[in-house]
Amino acid sequence: MEKSVVAGKEPIAVEVEQGKDYWWCSCGQSNTQPFCDGSHSGTSFTPVQYTAEKSTTVYFCACKQTKNTPLCDGSHSSL
């Protein structure tokens, strides 16, 4: 099983808009973190869709170890 690349050790705050879809990078190789840019091509990784329930700030996982995909659950603190 392939392991994702740790793209960062802190969550990435993003202002999201209600009803809008966001595609979270699960491989860690994207140059547009925390979002997918297609860098996973040729791997077993696929982006994860997140649809904003309301307009607010959310914290996307950058370490790619979260159990609350795609949002940060604090897993980066153990890296």
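None of the values given here were measured: they were computed from a predicted structure.

The rules we used
Residues numbered from 1 in each chain as written. Predicted model: local features only at pLDDT ≥ 70, side-chain atom pairs only at ≥ 80, totals over all residues. Heavy atoms only, no water. Helix = DSSP H or I, 4+ residues; strand = E, 2+ residues; numbered from the N terminus. Rg over C-alpha atoms; globule rule 2.2 N^0.38 Å. Buried < 20%, exposed > 50% of the residue type's maximum accessible area, 1.4 Å probe, protein only. Contact = heavy atoms within 4.5 Å.

Caption draft 1: Structural context of the overall build of the protein chain. Looking only at helices and strands, the protein chain features 0 helices and 4 strands. Secondary structure of the protein chain in N-to-C order comes out as β-β-β-β. Rg of the C-alpha trace for the protein chain: 12 Å, near the compact-globule value of 12 Å for 79 residues, within the 12% margin. C-alpha atoms of the protein chain, sized along the principal axes, occupy 35 × 30 × 20 Å. Burial statistics for the protein chain: of 79 residues in total, 32% are counted as buried. A separation threshold of at least 6 residues defines the contact pool for the protein chain, and within that pool the share at least 24 residues apart is 56%.

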